[in-house]
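# Analysis of the macromolecular model
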Amino acid sequence: MDPKLKELYDSDPGFAQFVERHGLVASMPELRKAYRRWEYDIMLDRLDEERRNEEVNMRVAEGEARGKAEGIAWTQVEIAKKAFADNKLGASESDIVDLLKSFGIPDDIIDEARKN
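## Some details on the overall build of the protein chain
Along the protein chain, the regular secondary structure elements total 5 helices and 0 strands. Counting from the amino terminus, the protein chain carries its helices and strands in the arrangement α-α-α-α-α. For 116 residues, the compact-globule formula gives about 13 Å, and the C-alpha radius of gyration of the protein chain, at 36 Å, lies well above that figure. Within the protein chain, the proportion of its 116 residues that are buried is 10%. Considering only contacts in the protein chain between residues 6 or more positions apart, those separated by 24 or more positions represent 37%. Here the protein chain carries 19 positive and 26 negative side-chain charges, and the mean point of each set is 3 Å from the other.

## Details of helix α4 (residues 93-102)
Ile 96, Val 97 and Leu 100 are the residues of α4 that are buried. Each buried residue of α4 sits inside an arc of 100 degrees when the element is viewed along its axis, so together they form one side. Taken together, the buried residues of α4 touch α3 (29-85) and α5 (107-115). Among the residues trailing α4, Gly 104 stands out with phi positive, at a value near 85 degrees.

## Quick word on a nonpolar patch on the surface
On the surface, a cluster of nonpolar side chains totalling about 310 Å² of accessible area is made up of Leu 24, Val 25, Met 28 and Leu 31. Considering the arrangement of structural elements, one finds Val 25 in helix α2 (residues 13-26).

## A few points about the pattern of salt bridges
It is possible for side chains of opposite charge to pair when their charged atoms get near one another. Tallying each qualifying case throughout the model produces 8 salt bridges. Linking Glu 55 and Arg 51 is a salt bridge whose minimum nitrogen-to-oxygen distance equals 2.8 Å. Placement of the pair is Glu 55 and Arg 51 together in helix α3, with a separation of 4 residues, close to one helical turn. Connected via shared salt-bridge partners are Asp 48, Arg 51, Arg 52 and Glu 55.

## Some thoughts on the packing of α4 against α5
Here α4 crosses α5 at 145 degrees, and the two axes come no closer than 10 Å. Between α4 and α5 lies a crossing whose hand is right-handed. Between α4, through Glu 93, Val 97, Leu 100 and Lys 101, and α5, the contact on the second element is made entirely by Asp 107, Ile 110 and Arg 114. Looking at side-chain class alone, the contact of α4 with α5 contains 3 nonpolar, no polar and 4 charged residues.

## Things to note about a negative patch on the surface
Where like charges cluster on the molecular surface, the negative patch consists of Asp 45, Glu 49, Glu 50 and Glu 54. Owing to a relative accessible area of 56%, Glu 54 belongs among the exposed residues under this scheme.

## Considering the confidence of the model for the protein chain
This prediction gives the protein chain a mean pLDDT of 90; 99% of its residues lie at or above 70. Per-element confidence in the protein chain ranges from a low mean pLDDT of 86 for α5 to a high of 93 for α3.

## Here's the deal with the packing of helix α1 (residues 3-11) against α2
The N-to-C vectors of α1 and α2 enclose an angle of 110 degrees; their axes lie 5 Å apart at closest approach. As judged from the angle between their axes, α1 and α2 are roughly perpendicular. From α1, Leu 5, Leu 8, Tyr 9 and Ser 11 reach across to α2, where they touch Pro 13, Phe 15, Ala 16, Val 19 and Glu 20.

Cut-off values and rules
- Residues numbered from 1 in each chain as written.
- Predicted model: local features only at pLDDT ≥ 70, side-chain atom pairs only at ≥ 80, totals over all residues.
- Heavy atoms only, no water.
- Helix = DSSP H or I, 4+ residues; strand = E, 2+ residues; numbered from the N terminus.
- Rg over C-alpha atoms; globule rule 2.2 N^0.38 Å.
- Buried < 20%, exposed > 50% of the residue type's maximum accessible area, 1.4 Å probe, protein only.
- Contact = heavy atoms within 4.5 Å.
- Lys, Arg positive; Asp, Glu negative; His and termini not counted.
- Charge placed at Lys NZ, Arg CZ, Asp CG, Glu CD.
- Arc of directions from axis to C-beta.
- Patch = residues over 30% accessible without salt bridge, like charges linked within 9 Å, V, L, I, M, F, W, Y side chains within 5 Å.
- Areas by Shrake-Rupley, 256 points an atom, 1.4 Å probe, with all protein chains shown as cover.
- Salt bridge = Lys/Arg side-chain N within 4 Å of Asp/Glu carboxyl O.
- Axes fitted to C-alpha atoms, helices over the stretch in contact; angles between N-to-C directions.
- Left-handed = near helix turned anticlockwise from the far one by under 90°.
- Nonpolar A, V, L, I, M, F, W, Y, C, P; charged D, E, K, R; others polar.
- pLDDT = per-residue confidence, 0-100.
- Parallel < 35°, antiparallel > 145°, perpendicular 65-115°, else oblique.

Shown next as C-alpha cells:
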C-alpha cells in the first residue's frame, strides 16, 4: 500500500473499514456480479425514464401545435364570416375575397365563409 494511504489507513477507522470491506467484496465474484447487475438495472431504468419523458414532451408539443393550428383556423373562419356578414361599406364579394387573401386566409376557409 502507498505510504500516504497506509498512514490514512492507520489513522482513520472509517477508511480502514472501507479498505477491508472493499477487499472482502472484491474477493467475492458473485457479489461483484450482483453489483454490476444492479448498476446495469439502474442505467436501464434511467434510460427508460428518459425515453418516456421524451415521448411525453413530444406528445405535449404535438398537442400544442395542433391546438395552435386549430385556433388559427377557427380565427380565420370567424374573420372571414364577419367580413362577409358585416359588409357595411358595400364592398363587392371579390373585394372581400381579395382582402381576406391578403391576410393569408386560405381559399377553402373563404369559400366556406362565403356560403354561410
